[in-house]
Every structure is written in C-alpha cells, then in structure tokens.
Amino acid sequence: MDVKESQRRGANITQVKALRESLAIYDRFVAPEAPNWVCLPLDIVKRIETTLDSARLAKKGKMPTLPYSIFQEAERYALLDMVHDILPRFLKQVAKDNNIEMMDYLKQKLKERK
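Residues numbered from 1 in each chain as written. Predicted model: local features only at pLDDT ≥ 70, side-chain atom pairs only at ≥ 80, totals over all residues. Heavy atoms only, no water.

Moving on, we get to the overall build of the protein. Each helix and strand counted, the protein has five helices and zero strands in total. Taking the contacts inside the protein whose residues are at least 6 apart along the sequence as the reference set, 47% of them involve residues at least 24 apart. Summed over all atoms, the accessible surface of the protein reaches about 8700 Å², with 57% contributed by carbon and sulfur. (Helix = DSSP H or I, 4+ residues; strand = E, 2+ residues; numbered from the N terminus. Contact = heavy atoms within 4.5 Å. Areas by Shrake-Rupley, 256 points an atom, 1.4 Å probe, with all protein chains shown as cover.)

Our next topic: helix α3 (residues 42-56). Compared with the 21 Å implied by 1.5 Å per residue over 15 residues, the 21 Å span of α3 between its first and last C-alpha is a close match. Buried within α3 are the following residues: Ile-44, Val-45, Ile-48, Glu-49, Thr-51, Leu-52 and Ala-55. In an axial view of α3, the angular spread of the buried residues amounts to 165°, which keeps them on one side of the axis. Exposed side chains of α3 directed beyond 90 degrees from the buried face belong to Leu-42 and Thr-50. (Expected span 1.5 Å × (residues − 1). Buried < 20%, exposed > 50% of the residue type's maximum accessible area, 1.4 Å probe, protein only. Arc of directions from axis to C-beta.)

Let us now look at the packing of α3 against helix α4 (residues 68-97). One can describe the packing of α3 onto α4 by two numbers: an axis separation of 10 Å at closest approach and a directional angle of 150°. On the basis of the axis angle, α3 is roughly antiparallel to α4. Classified by chirality, the crossing of α4 by α3 is left-handed. Taking contact as the criterion, the partners of Ile-44, Arg-47, Ile-48 and Thr-51 in α3 are, on α4, Ile-70, Phe-71, Glu-73, Ala-74 and Tyr-77. For the contact of α3 with α4, the per-class residue count stands at six nonpolar, one polar and two charged. (Axes fitted to C-alpha atoms, helices over the stretch in contact; angles between N-to-C directions. Parallel < 35°, antiparallel > 145°, perpendicular 65-115°, else oblique. Left-handed = near helix turned anticlockwise from the far one by under 90°. Nonpolar A, V, L, I, M, F, W, Y, C, P; charged D, E, K, R; others polar.)

What follows is the structure, given as structure tokens:
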C-alpha cells in the first residue's frame, strides 16, 4: 500500500508502516511457509491472521489499528520456545560435537565469560 492508497482508505502513514511491518513479520516468522517459522499456539496465529486480513481489506476511513499486544504475545511464546527447546538442543549438539558433558561445557563457558 502506498501513500495514495493509504489516503484513499483513510489511514495515516504510521498505520500503513505498521501494517507493512506486521505483514513482514508474519511472512517471515508466522506464515506456514515462513523461512524462519516459529511455533506459536494456533489461537495466536489465528488472531494475527484475522487482524492482518481485516487491515488488508479495510474500506475507506475504516483502517483498523493493529493491536501490538498480539505481536507481543507471539514474541513471548517465540522466546520461550527458544529458551526451552532450541537452546537446549543447540547446547547438547555443541557438547556432543566437542565430546564433552553438557554441565562441563556450561561451566567452561561461564568461566570464560568472567
């Protein structure tokens, strides 16, 4: 959507920018074919899709505001997934590749940081 289209729909440029950024986040992380897909609860995905669809199809003067809280909730789940799933698997693989025990590896890395 460009500036003329945003004016036709009754949206300001900030709303258009927010919509573009939201769509980019959706395309990169949430969409089923996303290159960096993040596992999110289905209800959050559906709320994001519904919100973005209504913004895309908005009529003149009806451009909805995008509730940032939906993306904050998705971000929280993505972070939890990284901490509880992705990071432990990564650390196990690093430890395995280096033929060391996980706890020894973590202790060694903590010492290096001091």
